[in-house]
Amino acid sequence: MLQHKRKFSLKYRLILILCSGLVPILTLSKDEIHHPFYSTLPQNHIDTTQPVKGADTTKIQKVDTVRLKLSKDSISFPVEHKAEDSMVLEVDSRKVLLYGKGEIKYDDIQLNAPKIEYDQQTQFVTAKMGRDTAGLVAGMAKLKQGETVTVSDSLRFNFKSQKGLTYSSFFQQEEFFNFAQKVKKIDPETFYAQNGRFTTCNLDTPHFAFRFSKAKFINKKLVVTGPVHPEFEDVPLPIYLPFGIFPMKKGRQSGFIPPQFTVNENFGVGLEGFGYYKVINDYLDAKAWFDLYSYGSWRANFSPSYRMRYRYNGSFNLSFQNTKFAFKGDPDFKKNKSFFITWSHSMDSKARPGVSFSASVNAGSSKYLSLVPNGALVNPGFSGNVQGGGSYMQPMNFTNQLSSTISYQKSWAGTPFNLAVNLNHNQNTATRVVNLNLPDIAMVMNTIYPFQPKESVGASKWYEKLGIAYSGNYKGQISFYDTAFRFRQLIDTFQWGASHDIPITLSLPSLGPLQVAPNFSFRERWFAQKFYRKWNPQTEKLDSSIEKGFYAAREMSMGLSFSTAVFGTYQAKNKDARVQAIRHVMRPQFGINYKPDLMKPYYFRQQVNKQGDKALMSVFDGSIFGPFSSEENGGIGFGIDNNIEMKVRSKTDTGEAELKKVKLLDGFGISGGYNFLADSFKLSTFNLYARSTLFEKINITANATLDPYKTDPRTQYRKNEYAWQGGKFTPGSITSGSVNISTSFQSKKKDDKDKKTDAKSDDDPANNLTQEQMMQQLDYIRRNPAEFTDFNIPWSLSFSYSLSFAKMLKPDYTYKTELTSNFNFNGDFSLTPKWKIGANGYYDIKTMKLQSLTTFITRDLHCWQMSINVTPIGLYRFFNISINPKSGLLRDLKINRTRYFYTQ
């Protein structure tokens, strides 16, 4: 009896140890060593060298534990378990049963279920869902391993082999919400599914899904299915595919870029954007794609991009285009071959402190842009993911200016010197004129103080604040027609020039409220040619001639300026008054200056028309830097700047927030000058400006140039006579000016308090976009606002008004005032929480016509979005209807219809 009790005690103790996963070091007698349960214990938990208390030590047999074999049912980690209701131990079958919110943890595996059964011998765990007394589901079997969570009716899982089966399971993979009748897990990253569906809709009954009979899931990488078909609202569509491949891996990945179908009245039916994207390594990828059209036109593109984190990034694009209009034999048939090159490069400022290099190149055949189909994809799969759609270029047919810049800059630490080298390109596709600045070199020395000691002791002397600086610029320029490119022509049209500027400044101690600052500057310019013009009475035109050589011109100026600030305050006597104070700040400036006329030999007056009118000209007109002014200047300069603020008592706040500062005028002022040494036009024009923000909402800026002299009514030339002389008083005429007014309003966001902004990770494909690609995206957003609607804002409105005018010199040397005035508007509002409409446009007040109007309507379909964009008025007109999933993984499922109409 005692022996049986002893064996039972050992057996019960071993079961508790194994089930709890906590096996202490045991001391066993000789008889206990041969107990049947002994073989189930791991070898490192038994110490046979220590005697058992009360046992015969002469009978103890020492066993070498290194030779003990591990049991087949041993596991690598302890098993932790708990239950809310009860736990049952079946000693003979070595099973643990958990009831009521049971939980088992093993390594990175966590299982929760209403009923769990754990078999220690086989290492299998079985879990089932539970129902309450009413037959309703009280809980599901939930298995979490790493980041993968599976919710099932029932499951069976092996801790040791990491394999298992689940039934009627829901699980999520990236943006996919999946369901399958049966799932077989073969390792932590791979499992197979049978008779299921997947979707990006997060509802229990999704709006749409893809049905499959069998599928293989590789966590965060790929889904491969057998026959698959879509369904909407549980209604299957008669569209079947023999298999499906759905990438889930984030970031860049190689693959084919699907084409988009299009119809163009000039090129016919086409497929755009079909190509292949290749990830070569972490630093380099490349993309090639094609556009094919039924009339025979095609376009081939090759675009590699590169990036080195924290150092530099860039992209290159080369396009060849073969254009055919109509069919061969048609009277309107014509063809053209053209090319286009873009290159963008930027350097991280932390890569090499003091050095920067950047490039933005846009060049090619002048005909290329005019022949690109409107709406053509310029960068399919721009996000670096083959699942990504593309970027639509603005109507390039109407772009006639191209420019490029390659820039290198360097500053030497510890020195005042800076160097900048630029290569610039400018091309007019209408006139086909190409201008190249090769090179543009700028050398700058920041202000240095040669008399300032390295270590200052006591008060500084006045001469220690004497500063001198230098800035030099050299430019070379070439002009040619792209249709008549010859090397000899490059030599003939090459111009060069240089400019040197040496300013000297001195900061003197203030004289009471006055700040005094003398200045001196010397400038010199180098020219490669002189440009002569002479009136020809026979042809009644100006004949011109060029004389090449090396020429130099110089200019000096010196002056003394004074500045101060004057404050004026009005304080309300009544402490309860709404307006408590008004403050006016005036900042007057006054200066004395002198500039000798060193340019007099290079200026002349020449007849410009049959009436005998003459204009002042310089032999250095048309040069890169242009001539200095011709007149001697010895006079004064003056100006004043003002701002007005007031303090207003708040109606609601108290304490420190009771008084609020309000700006009435951010700034307004006037500046001008008077030249005592000039033989005519001694008084300069006056520059007026004003800026303000009304009610913290309406931004207003205005400026104008006031000419105090009379003008000839016919030619608009100035007359050396003040406007207020000889009759009615007038301050003069405004020759140029502008007014800009803008404002925007929007309602409060619905969930402004709860909204959180997530920072983009370094692997976000958007981080790899170049500047040109970003501009293309912004332009696409502007032209297709319905696809980027924020339903969180019920309504928003913005308006801007702009007016500008200026006197422009015409080719016949007469002046004409050009006026532009326009009104821009943009707004949208939500009809319902799911419907939103909006419009943006441009109204030309000068012509009294609406020049551009784009309207949109969009519908939030939960996991899908429908958008309609219509531009009925503008330089080009189009409409676009698009229905697409919100998920980026399924963006290629977009149903899109776009049609362009050219404005003749």
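Residues numbered from 1 in each chain as written. Predicted model: local features only at pLDDT ≥ 70, side-chain atom pairs only at ≥ 80, totals over all residues. Heavy atoms only, no water.

1. Digging into the overall build of the chain
For clarity, the threshold we go by: Secondary structure is summarised from DSSP: a helix means a run of H or I of at least four residues, a strand means a run of E of at least two, and numbering begins at the N terminus for each. Two residues form a contact once any of their heavy atoms are found within 4.5 Å.
Scanning the chain from terminus to terminus reveals five helices and 51 strands. Taking contacts inside the chain between residues at least 6 apart in sequence as the whole, the part at least 24 apart equals 51%.

2. Remarks on the confidence of the model for the chain
The condition is simple: For every residue, the predictor states its confidence as a pLDDT score lying anywhere from 0 to 100.
Per-residue pLDDT for the chain has a mean of 80; in total, 82% of the residues score no lower than 70. Every residue in residues 382–397 is under pLDDT 50, and counting partners more than four places away or in other chains gives 76 contacts. Segment residues 752–768 is flagged for pLDDT under 50; beyond a separation of four residues in sequence, or across chains, it makes 16 contacts in the model.

3. Overview of a positive patch on the surface
Spelled out, the test is: Think of a patch as exposed residues, more than 30% relative accessible area, with no salt bridge, where like charges cluster within 9 Å and nonpolar side chains (Val, Leu, Ile, Met, Phe, Trp, Tyr) cluster within 5 Å. Using a 1.4 Å probe, the Shrake-Rupley method yields the accessible areas, and only the shown protein chains count as cover for residues. Salt bridge criterion: a side-chain nitrogen from Lys or Arg within 4 Å of a carboxyl oxygen from Asp or Glu. Neither His nor the chain termini are counted; the positive set is Lys and Arg, and the negative set is Asp and Glu. One atom stands in for each charge, and that atom is NZ of Lys, CZ of Arg, CG of Asp or CD of Glu. Burial classification: accessible surface area is computed with a 1.4 Å probe over protein chains only, and a residue below 20% of its type maximum counts as buried, one above 50% as exposed, and the rest as partly exposed.
A surface patch of like charges, here positive, comprises Lys 647, Lys 661, Lys 663 and Arg 691. Take Lys 647: it is sitting in strand 38 (residues 633–649). The partly exposed category is assigned to Lys 647, whose relative accessible area is 41%.

4. Here's the deal with a nonpolar patch on the surface
Taken together, the side chains of Phe 745, Trp 795, Leu 797, Phe 799, Phe 829, Leu 831 and Trp 835 present a nonpolar region at the surface, about 610 Å² in accessible area. Counting residues per element, the nonpolar patch draws most heavily on strand 45 (residues 795–809), at three residues. Within the secondary structure layout, Leu 831 lies in the loop between strand 46 (815–830) and strand 47 (835–844). Its relative accessible area of 48% is what places Leu 831 among the partly exposed residues.

5. Considering unusual backbone geometry
Backbone torsion omega between Leu 438 and Pro 439 reads -10°, so that peptide bond is classified as cis. Here Pro 439 is to be found in strand 29 (residues 433–448). Despite not being glycine, Asp 107 has its phi angle at roughly 55°, a positive value. Note on placement: Asp 107 falls in the loop between strand 3 (95–106) and strand 4 (109–119). The phi dihedral of Phe 681 falls on the positive side, at around 50°, and the residue is not glycine.

6. Notes on the state of the cysteines
Convention followed: Working definition: a disulfide is two cysteine sulfur atoms within 2.5 Å of each other.
Across all of its chains, the model carries zero disulfides by this definition. Not part of a disulfide, Cys 201 finds its nearest cysteine sulfur in Cys 863, a span of 3.6 Å. Exposure remark for Cys 201: the relative accessible area of 1% places this residue in the buried category.

7. Side note on the packing of aromatic side chains
Inclusion rule: Side-chain rings of Phe, Tyr and Trp, where Trp is taken by its six-membered ring, are said to pair if the distance between their centres is within 6.5 Å; with planes under 30 degrees apart they count as stacked, over 60 as edge-to-face, and otherwise as tilted.
This model, assessed by the stated rule, comprises 35 aromatic pairs. With a centroid separation of 6.2 Å and 45° between ring planes, the pair formed by Phe 638 and Phe 686 is classed as tilted. A residue pair is termed long-range when its members are at least 10 positions apart, and Phe 638 in strand 38 and Phe 686 in strand 40 (residues 686–694) qualify at 48 residues. On the basis of relative accessible area, Phe 638 is assigned to the partly exposed category, the value being 30%.

8. Digging into the pattern of salt bridges
For side chains of opposite charge, pairing can occur when their charged atoms come near one another. Here the structure, examined in full by the defined rule, presents 16 salt bridges. The partner of Asp 860 in a salt bridge is Lys 834, with the nearest N and O atoms 3.9 Å apart. Of this pair, Asp 860 sits in strand 48 (residues 849–861) while Lys 834 sits in the loop between strand 46 and strand 47; the two residues are 26 residues apart in sequence, bridging distant segments of the chain. For Asp 860, a relative accessible area of 10% gives the class buried. By relative accessible area, which is 35% here, Lys 834 ends up partly exposed. Here the salt bridges share partners, and the residues they tie into one network are Arg 523, Glu 555 and Lys 595.

9. A word on the nonpolar core
Counted only if it meets this: Nonpolar core, defined: a set of buried Ala, Val, Leu, Ile, Met, Phe, Trp, Tyr and Cys residues in which side-chain atoms within 4.5 Å join the residues together.
In this structure, Phe 176, Phe 208 and Phe 217 are the most contacted members of the largest nonpolar core, which totals 21 residues. Mapped by element, the contributors of at least two residues to this core are strand 12 (176–187), strand 13 (190–199) and strand 14 (208–218). Contact partners of Phe 176, with chain neighbours within four places excluded, come to Phe 171, Phe 198, Thr 199, Thr 200, Val 223, Phe 246, Met 248, Leu 889 and Leu 890. Counting residues in each nonpolar core, the second largest holds 17 residues, with Val 96, Ile 116, Ala 127 and Phe 157 among its members.

10. Side note on the environment of Asn 826
When you line up the elements, Asn 826 lands in strand 46. Taking the relative accessible area as the measure of exposure, Asn 826 reaches 38% and is therefore partly exposed. It is 9.2 Å that separates the C-alpha atoms of Asn 826 and Ser 800, two residues lying 26 residues apart in sequence. In this structure, Asn 826 is in contact with Ser 796, Leu 797, Ser 798, Ala 839 and Asn 840, ignoring residues within four places of it in sequence.

11. Considerations on the pairing of strand 43 (residues 718–722)
Applicable threshold: Only strands that DSSP links by at least two bridges are regarded as paired with each other.
One ladder, built from two bridges, connects strand 42 (residues 709–711) with strand 43; its direction is antiparallel. From the neighbouring strand, Tyr 709 faces strand 43, where its bridge partner is Tyr 722.

12. A short note on the environment of Lys 614
Examined against the element boundaries, Lys 614 turns out to sit in strand 37 (residues 614–618). Along the chain, Lys 614 and Tyr 813 lie 199 residues apart, while their C-alpha atoms are 9.2 Å from each other. Look past the residues within four positions of Lys 614 in its chain and what remains in contact with it is Arg 605, Gln 606, Gln 607 and Tyr 717.

13. Some thoughts on the pairing of strand 23 (residues 298–308)
Where strand 22 (residues 284–293) meets strand 23, nine bridges bridge the pair, whose relative direction is antiparallel. Bridging across to strand 23, Lys 287 finds its partner in Ser 303. Where strand 23 meets strand 24 (residues 312–325), nine bridges bridge the pair, whose relative direction is antiparallel. Its bridge partner lying in strand 24, Arg 299 is registered against Gln 321.

14. Overview of the side chain of Thr 858
Basically, it comes down to this: Here a polar contact is recorded for every N or O atom pair within 3.5 Å, except that within protein the pair must consist of a potential hydrogen donor and a potential acceptor, and residues adjacent in sequence are included only if both atoms are side-chain atoms.
Mapped onto the fold, Thr 858 is located in strand 48. A relative accessible area of 0% places Thr 858 in the buried class. At a separation of 2.9 Å, a polar atom in the side chain of Thr 858 contacts the main-chain carbonyl oxygen of Met 866.

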